[in-house]
Amino acid sequence: MTGRLLYPHGRASALPGGTHPGKLDYDLVAHLRAVREDGDEAMIAAEEYDPNFSLKLSECTDDAAAEALLGAWLERRAAVLRRTQDELRRTWREARQHRTTGA
């Protein structure tokens, strides 16, 4: 985990009349957030990158909707990891080149 703030830009409210549109299952949001607060690493990871993930997940009314949301989340995270891998590869190559050329 990093020392960064979990929600640097804030997060939408799950309260009725809050800032997140759509039909929310308030009991499910409360449960998901309680699970996160209890240290569930999956919910912590999901909400580190999307502070409104529990709200979005609570709007899923069936398995297909939940799977679509989870699949989209995974694709976004995998894309970040691929970019990070490319950057680390470039950094490593540049460091090796600098070490061997002394430039």
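Rules of the game
Numbering of residues starts from 1 in each chain and follows the order in which that chain's sequence is written. Local features in this predicted model are restricted to residues of pLDDT 70 or higher, and side-chain atom pairs are both shown and tallied only at a pLDDT of 80 or more, whereas totals for entire chains, interfaces and linings draw on every residue. Side-chain metrics in this entry use all non-hydrogen atoms of the structure; hydrogen atoms and water are not considered. We call a set of buried Ala, Val, Leu, Ile, Met, Phe, Trp, Tyr and Cys residues a nonpolar core when their side-chain atoms join them within 4.5 Å. Here's how the labels work: a residue is buried when its accessible area is under 20% of the maximum for its type, exposed when over 50%, partly exposed in between, all with a 1.4 Å probe on protein chains only. Here a helix means four or more residues in a row that DSSP labels H or I, a strand means two or more in a row labelled E, and each is numbered from the N terminus. Whether two residues are in contact is decided by their heavy atoms: any pair within 4.5 Å suffices. Multiplying 1.5 Å by the residue count of a helix minus one yields the expected span of that helix. Relevant arc is that of directions from the helix axis to the C-beta atoms, nothing else. Whenever Lys or Arg places a side-chain nitrogen within 4 Å of a carboxyl oxygen from Asp or Glu, that contact is recorded as a salt bridge. For Phe, Tyr and Trp, where Trp contributes only its six-membered ring, two rings pair if their centres lie within 6.5 Å, and the inter-plane angle classes them as stacked under 30 degrees, edge-to-face over 60, or tilted in between. Look at NZ for Lys and CZ for Arg. If either is within 6 Å of the ring centre and within 35 degrees of the ring normal, a charge sits over the ring. Counted as positive: Lys and Arg. Counted as negative: Asp and Glu, with His and the chain ends omitted from the count. In the analysis that follows, any N or O atom pair within 3.5 Å is treated as a polar contact, provided that within protein one partner can donate a hydrogen and the other can accept it, and provided that, for residues neighboring in sequence, both atoms belong to side chains.

S.K.: Give me the nonpolar core: which residues, what numbers.
M.R.: The nonpolar side chains of a soluble globular protein tend to be buried, and buried together. Counting residues in each nonpolar core, the largest one holds nine residues, listed as L32, M43, A46, F53, L57, C60, A66, L69 and W73. Sorting the residues of this core by element identifies α2 (41-49), α3 (53-58) and α4 (63-101) as the ones contributing at least two each. Apart from residues lying up to four places away in sequence, W73 is in contact with A45, A46 and F53.

S.K.: Before we move on, could you go through helix α1 (residues 26-37) and cite the residues and values that matter?
M.R.: In a regular helix each residue adds 1.5 Å, so 12 residues correspond to 16 Å; α1 covers 16 Å between its end C-alpha atoms and thus fits that length. Those residues of α1 that sit buried are V29, L32, R33 and R36. Down the axis of α1, the smallest arc covering the buried residues is 95 degrees, so these residues share one side. Contacts from the buried residues of α1 go to α2 and α3.

S.K.: Kindly report on the pattern of salt bridges, identifying the contributing residues and their values.
M.R.: If you walk through the whole model with that rule in mind, you get five salt bridges. In this structure, the salt-bridge partner of K56 is D50, at a minimum N-O distance of 2.7 Å. Between R90 and E94 there is a salt bridge whose closest N-O contact spans 3.7 Å. Linking R90 with E94, this pair stays in helix α4, spanning four residues, or about one helical turn. Taken together, the shared-partner salt bridges connect R36, E37 and E47 into one network.

S.K.: So what's going on with the packing of aromatic side chains? Which residues, and what values?
M.R.: For the coordinates displayed, the defined rule picks out one aromatic pair. Against the face of Y49 rests R77, its NZ or CZ located 3.8 Å from the ring centre.

S.K.: Explain the side chain of R33 to me, using residue names and the numbers behind them.
M.R.: On the secondary structure map, R33 appears in helix α1. Despite its burial, R33 pairs with no opposite charge; the closest candidate is E47, at 4.5 Å N-O. Within polar-contact distance, the side chain of R33 engages the side chain of S54 at 3.1 Å.

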